[in-house]
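The lines below spell out each chain.
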Amino acid sequence: MAYYGKCIETVTKHLDRFQPEKDIPEQFLEAAATSLQTLSPQKQAFIMEILSGCLEYRKLLTIVVDAFYVRDGRLCPWADYSLFEVICYLAAFQLEELGFQLFCDIVQSQPVHKVCKFLGFLFNPLNLGSWIKDEWSLVYETSHVKENWIDPLMRWQPEIQELIDKLQGELTSQLSPPKSRTKVTEPKEFSLTTPRPRAIPVPEPVPRVAKTRPVPRSTYQPPKEQRLLEMTKRYNRWKAEELLLRANIEELRCAVPRSRGESQLQDSKKKPWLRLPPRILKAQKLTFYTPNDKAPVKLNTAAILREGALYQRQVEKELQRVDRLVDGAGDFSEFLEWQRRMQARDREEQLAAGAVRRLRGKLSHEAAVLARQQLACEKRRAAELKKEETAELMQQCAERRLQEEKSMKELVEQVMETQKNVKAAQTELRKGRRRIAQKVTEENRELLQRSAEAAKEEQRRRCDLVSQLRALESQPTRRGKLVDLTQIPGHGLEGEMSVVELRERLALLKETRRRQEEERRDQIIQGKRAKSQELRDAVEQVALCRAAMGRRAALRWEEKKARWAAAGAPSQDERVLELQRRIQKAAERRARAAPGHVPAPRAVSPKQRAQLEAQRRLELERSRERWLRAQQPGCGPARRLGAA
């Protein structure tokens, strides 16, 4: 058991290090094989077979283990996730090859309480027949899942249940506490002194409180100042809205041309009192204030002192500058001129460097264009060779088709010769059929006469029955009638049935409809998942495209800014002139290397096009069959553990 325990522990350690997003299963198995070279060959083969099987059926194992942690294994630590995957793989996919005894040894080498809980969850018939089968059917075909995995697990379920009961019995026998022979301590009651009864206190007299004054009414009324503030706020808001309306109406008024009459009209709109007639203005004796811009402004002491101090500082600065000049100090004009000349020279050097970079880029572009032209010429040559090969293949196909047509013509001639001998037999057969048809028509005529006579007799009988029924209806009858739901009415209709049978058929029809709705719902869910995945892929692709376009736009903008910055007078730098001469030479070489005329592709006949389409479809079908064979899951590797 220790041997299997160490093997299972090694497999769980490797599974814990496996990361599906980063690691590739083949490379991971190779790395694991290199790390296990120190072990024996038998032990190494056993570990690698289990590890490769767990990676191959990882999707199915993840479904079962995740459901176990959600339902029965809430208290189990997540560190045992890989252990449960290994146990699930051995029980579901390798129990037939390992054998029950070897599987029991492997299970007993692990923690008993964890393995018992997981095996009870896995081999539960309700789980196997319901959601485990449905979830595995989403990954593999339903028939394959049922025949190869679910049915063997259901057959092994009784023996696994016996193993679980045996392990749980051993676990409970180990955990039962030993019986102690010591005497149990019996508690005794304390002998406490009975307390004396407490005396009832004398109630204190209730003091009399003086009568309070009522609350004045002004407490529940808002103060007068608050009402005044609200009125002021409303008035100020009204004034602000009026000013805003006037500003919106008269905005950009200075930019609109207008005549004299329009200006007077706008002034009258702006000043509504100007629209009043003069006699009303004279009668009311209205006076308006006009501001005077020439009125003197009175300054305070601080403003006068501040202005005087400013003038004094200016005078002192001027005197200090004159003193420095008298003492022999230099002027900054020469330095400023030298600085201006140096900045101009630096600017010219920057412009020349930019022109050199730009011309070098043009030179590299010309070289790239030449290389592209050479590549296009090579591609054209390869295309011409390919076209010649396809023409030869088409010629061979045409010759093969002619041979097939000749063989078909010979076959048609043979069939025509055989048909000539058949015509005589067909004429005799037609004559025999005509005689049989005449006999059948005569028999049908006799049958029609008999049926007409039978119909008359039936009509006469029905008339008699109707007269009898009317006579019975005229007699008084009982209203009550016993109804038997299991009895057929007997009206002579086609498909007649009793009420009970009708209800049973309706119940069966409802059940079939419900089953069809569930299947349709499952199909819709799968379709939504696929669409959502497509949609997620489409969104990732669009984000990548947008990022690339943004980078390209940024590069174009940087290049445009560089071109604008470098725009100006043409530079006379030697490097720039040399690069310009090299670019002109490259352009002349490209013009000489450019082909004058590109030959048009040869026309293909409809028969040749149909043959090419048939060949392409055949290749697509073969590639699809190879892909399907590669996607089918293979059988698990055989476990050879003999002497282990």
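Everything numeric in this text was worked out from a predicted model, so none of it was measured.

Rules and cut-offs
- Residues numbered from 1 in each chain as written.
- Predicted model: local features only at pLDDT ≥ 70, side-chain atom pairs only at ≥ 80, totals over all residues.
- Heavy atoms only, no water.
- Helix = DSSP H or I, 4+ residues; strand = E, 2+ residues; numbered from the N terminus.
- Contact = heavy atoms within 4.5 Å.
- Areas by Shrake-Rupley, 256 points an atom, 1.4 Å probe, with all protein chains shown as cover.
- Axes fitted to C-alpha atoms, helices over the stretch in contact; angles between N-to-C directions.
- Parallel < 35°, antiparallel > 145°, perpendicular 65-115°, else oblique.
- Nonpolar A, V, L, I, M, F, W, Y, C, P; charged D, E, K, R; others polar.
- Expected span 1.5 Å × (residues − 1).
- Buried < 20%, exposed > 50% of the residue type's maximum accessible area, 1.4 Å probe, protein only.
- Left-handed = near helix turned anticlockwise from the far one by under 90°.
- Salt bridge = Lys/Arg side-chain N within 4 Å of Asp/Glu carboxyl O.

Overview of the overall build of the protein
Along its length, the protein carries 18 helices and 0 strands. Restricting the contact set of the protein to residue pairs at least 6 apart, pairs at least 24 apart contribute 71%. Carbon and sulfur atoms provide 55% of the accessible area of the protein, an area that totals close to 54,800 Å².

Remarks on the packing of helix α3 (residues 41-56) against helix α5 (residues 81-93)
For the pair α3 and α5, interaxial distance at closest approach is 10 Å and the crossing angle is 95 degrees. With respect to α5, the element α3 is oriented roughly perpendicular. Two secondary-structure elements touch here, α3 through Glu49, Ile50, Gly53 and Cys54 and α5 through Glu85, Val86, Tyr89 and Leu90. Residues that form the contact of α3 with α5 fall into these classes: 5 nonpolar, 1 polar and 2 charged.

Details of helix α4 (residues 58-70)
Here α4 spans 18 Å end to end across 13 residues, near enough to the 18 Å set by a 1.5 Å rise per residue. Among the residues of α4, Leu60, Leu61, Val64, Val65, Ala67, Phe68 and Tyr69 are the ones counted as buried.

Remarks on the packing of α4 against α5
Where α4 meets α5, the axes come as close as 9 Å, and the angle between the chain directions of the two elements is 120 degrees. Judged by the angle between their axes, α4 and α5 are oblique. α4 and α5 meet at a crossing whose hand is right-handed. Contact residues: α4 offers Arg58, Leu60, Leu61, Thr62, Val64, Val65, Asp66, Phe68 and Tyr69, while α5 offers Tyr81, Phe84, Glu85, Cys88, Tyr89 and Phe93. Of the residues assigned to the contact of α4 with α5, the class counts are 11 nonpolar, 1 polar and 3 charged.

Digging into the pattern of salt bridges
A complete count under the given rule lists 15 salt bridges for this structure. Where glutamate 457 meets arginine 460, a salt bridge forms, and the shortest distance between an N and an O atom there is 2.5 Å. You can see glutamate 457 and its partner arginine 460 sitting in helix α15 (residues 333-474), 3 residues apart, about one turn around the helix. With relative accessibility at 48%, the residue glutamate 457 sits in the partly exposed group. Among the residues examined, arginine 460 registers a relative accessible area of 46% and is labelled partly exposed. Beyond isolated ion pairs, a larger network of salt bridges with shared partners links Glu511, Arg514, Arg515 and Glu518.

Taken by themselves, the reported measurements are silent on function.
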